[in-house]
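Working through the structure, step by step
Now for the letters of each chain:
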Amino acid sequence: MWKDFFYFTKAERRAILVLLILLALLSGGSIWFRLKKQDMTPLSLSESERIDSFLTGLEEKKRFPKKSFSSYYKEPAVPVRLRPFDPNTADSSTLRTLGLPAFIAQNVIKYREKGGIFHTPEDFSRMYGLSPAQFETLKPYIIIGENFLKPERDTMRHTVFVRDTLPYLPKYPEGTVIDLNRADTASLKRVPGIGSGLARRIVAYRNRLGGFYSVSQLQEIPHLDAKVNQWFKVEQAELRKLEINRASLDRLRSHPYMDFYKAKAIIEYRRKRGKLKSLSQLSLFEAFSEEDIKKITPYLSFE
């Protein structure tokens with residue numbers, strides 16, 4: 001074939017070569033078009049579904065990001081009931097009901113297990129994790145037991161030459177009666193049966209109440225014997241009133257004759273129906289018994 005090719009003239013051979021080149025180009029273009037057309041064929045149904053599923057998963061992750069375990073865990077709520085407690089002896093459940101988180105209660109227990117002692121309420125304020133606001137709420141309720149108070153320094157050897165400059169406070173003689181609402185800790189310590197610790201408790205409880213209206217209220221203080229009542233009287237006192245229509249939840253529940261549930265009932269009534277106007281409305285609350293109302297009546301103000 002190629003031998004015959006040389007019998008053609010030069011012009012004919014050139015025309016044949018051009019023709020062959022055109023045929024080659026046309027053949028290559030046809031192959032390229034078929035491959036391109038194959039690439040553009042639709043995806044199979046299963047592949048399309050997998051892609052759609054993948055894209056849907058991405059959208060779900062954006063809408064609902066993955067949460068850590070800690071975000072799902074929520075510390076169980078514990079009803080708060082403020083009451084006197086000794087941080088040296090209170091167990092974890094007692095500390096929790098005082099409104100402290102579980103980790104702070106655990107810190108208190110660990111501190112005591114290592115030999116730590118709370119000698120004063122201020123010592124408790126230094127517990128890790130306890131905020132100043134939490135301490136101020138609990139401070140009126142902190143009672144340090146006699147066994148945990150710092151022993152008074154023996155100054156006998158140091159006062160031999162200054163006896164005349166240090167006043168001696170003897171106990172009151174039999175028959176003495178003092179005003180319970182006006183006595184300070186120095187006067188209270190002169191009452192037989194009352195030491196420094198009990199004197200501080202009486203003053204702290206008086207401040208929380210807003211004043212005593214009866215001597216018998218002393219028996220609401222732990223470790224205080226009824227025998228001391230004979231040394232006291234309650235004159236006409238100006239009790240500090242609890243403004244029931246204005247006080248916050250924390251202020252209401254901090255009163256010794258209130259608790260969280262009583263305070264919550266008052267707050268809810270105010271929110272839904274407005275101000276309380278009389279004790280008759282308060283008596284309708286399930287949280288208040290007849291005895292509760294009788295005890296707290298002298299301290300309430302409905303203004």
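The coordinates are above.
Scope of this entry: the structure provided in the associated data block. The structure displayed is predicted, hence computed values, not measured ones. (Residues numbered from 1 in each chain as written. Predicted model: local features only at pLDDT ≥ 70, side-chain atom pairs only at ≥ 80, totals over all residues. Heavy atoms only, no water.)

1. Here's the deal with the layout of surface pockets
As a volume, the largest pocket reaches approximately 470 Å³. Of all the secondary-structure elements, those providing two or more residues to the lining of the largest pocket are helix H7 (121-124) and helix H10 (196-209). Per-element tally for the lining of the largest pocket: the top contributor is H10, with seven residues. Of the residues belonging to the lining of the largest pocket, the class tally is eight nonpolar, six polar and seven charged. (1 Å grid on protein atoms, 1.4 Å probe; cavity = no way out; pocket = protein on both sides within 12 Å on 5 of 7 lines; lining within 4 Å. Points joined across faces, edges and corners; volume = space filled by probe spheres on them. Helix = DSSP H or I, 4+ residues; strand = E, 2+ residues; numbered from the N terminus. Nonpolar A, V, L, I, M, F, W, Y, C, P; charged D, E, K, R; others polar.)

2. Considerations on a nonpolar patch on the surface
Taken together, the side chains of Leu 17, Leu 19, Leu 20, Leu 23 and Leu 26 define a hydrophobic patch exposed on the protein surface, amounting to about 490 Å² of accessible area. Structurally, Leu 20 is set in helix H2 (residues 10-39). Taking the relative accessible area as the measure of exposure, Leu 20 reaches 43% and is therefore partly exposed. (Patch = residues over 30% accessible without salt bridge, like charges linked within 9 Å, V, L, I, M, F, W, Y side chains within 5 Å. Areas by Shrake-Rupley, 256 points an atom, 1.4 Å probe, with all protein chains shown as cover. Salt bridge = Lys/Arg side-chain N within 4 Å of Asp/Glu carboxyl O. Buried < 20%, exposed > 50% of the residue type's maximum accessible area, 1.4 Å probe, protein only.)

3. Some words on the environment of Glu 243
By the secondary structure assignment, Glu 243 is in strand E3 (residues 242-243). Take Glu 243: its relative accessible area is 36%, and that puts it in the partly exposed class. Put simply, Glu 243 and Tyr 299 are 56 residues apart on the chain and 8.6 Å apart in space, counted from C-alpha to C-alpha.

4. Some details on the nonpolar core
Across soluble globular proteins, nonpolar side chains have a tendency to be buried as a group. Judged by nonpolar contacts, the single largest core of 39 residues is most densely connected at Ile 194, Ile 202, Leu 218, Phe 232 and Ile 266. Secondary-structure elements contributing two or more residues to this core are H10, helix H12 (260-273) and helix H14 (290-296). Take this core: its biggest share by element is six residues, from H10. Not counting residues up to four positions away in its chain, the partners in contact with Phe 232 are Val 177, Ile 178, Leu 180, Leu 188, Val 191, Ile 194, Val 215 and Leu 218. Among the nonpolar cores identified, the runner-up in size contains 20 residues, and Val 80, Phe 124, Tyr 141 and Leu 149 belong to it. (Core = buried A, V, L, I, M, F, W, Y, C linked by side-chain atoms within 4.5 Å. Contact = heavy atoms within 4.5 Å.)

5. A few points about empty space enclosed by the protein
Gaps left between atoms are located by rolling a probe of water-molecule size over the structure's atoms. Within this structure, the stated rule accounts for one cavity of 30 Å³ or more. Size it by volume and the largest cavity reaches roughly 70 Å³. Taken together, Pro 84, Pro 140, Tyr 141, Ile 143, Arg 201, Ala 204, Tyr 205, Arg 208, Glu 220, Ile 221 and Pro 222 form the lining of the largest cavity. Grouping the amino acids of the lining of the largest cavity by side-chain chemistry returns eight nonpolar, no polar and three charged.

6. Observations regarding the pattern of salt bridges
Scanning the model with the defined rule gives 10 salt bridges in all. Residue Lys 233 pairs with Glu 235 through a salt bridge whose shortest N-O separation is 3.0 Å. On the basis of relative accessible area, Lys 233 is assigned to the partly exposed category, the value being 35%. Residues participating in the shared-partner salt-bridge network are Asp 259, Lys 262 and Asp 292.

7. Brief notes about the packing of aromatic side chains
Per the counting criterion, the structure on display carries nine aromatic pairs. Summarising the aromatic geometry, the rings of Phe 118 and Phe 124 are spaced 5.5 Å apart at their centres and angled 65° between planes, so their arrangement reads as edge-to-face. Here Phe 118 matches Phe 124 in class, with each residue buried. Each residue in the set Phe 85, Tyr 111, Phe 118 and Phe 124 is aromatic and connected to the rest through ring pairs, giving one cluster. (Phe/Tyr/Trp six-rings, centres within 6.5 Å; stacked < 30°, edge-to-face > 60°.)

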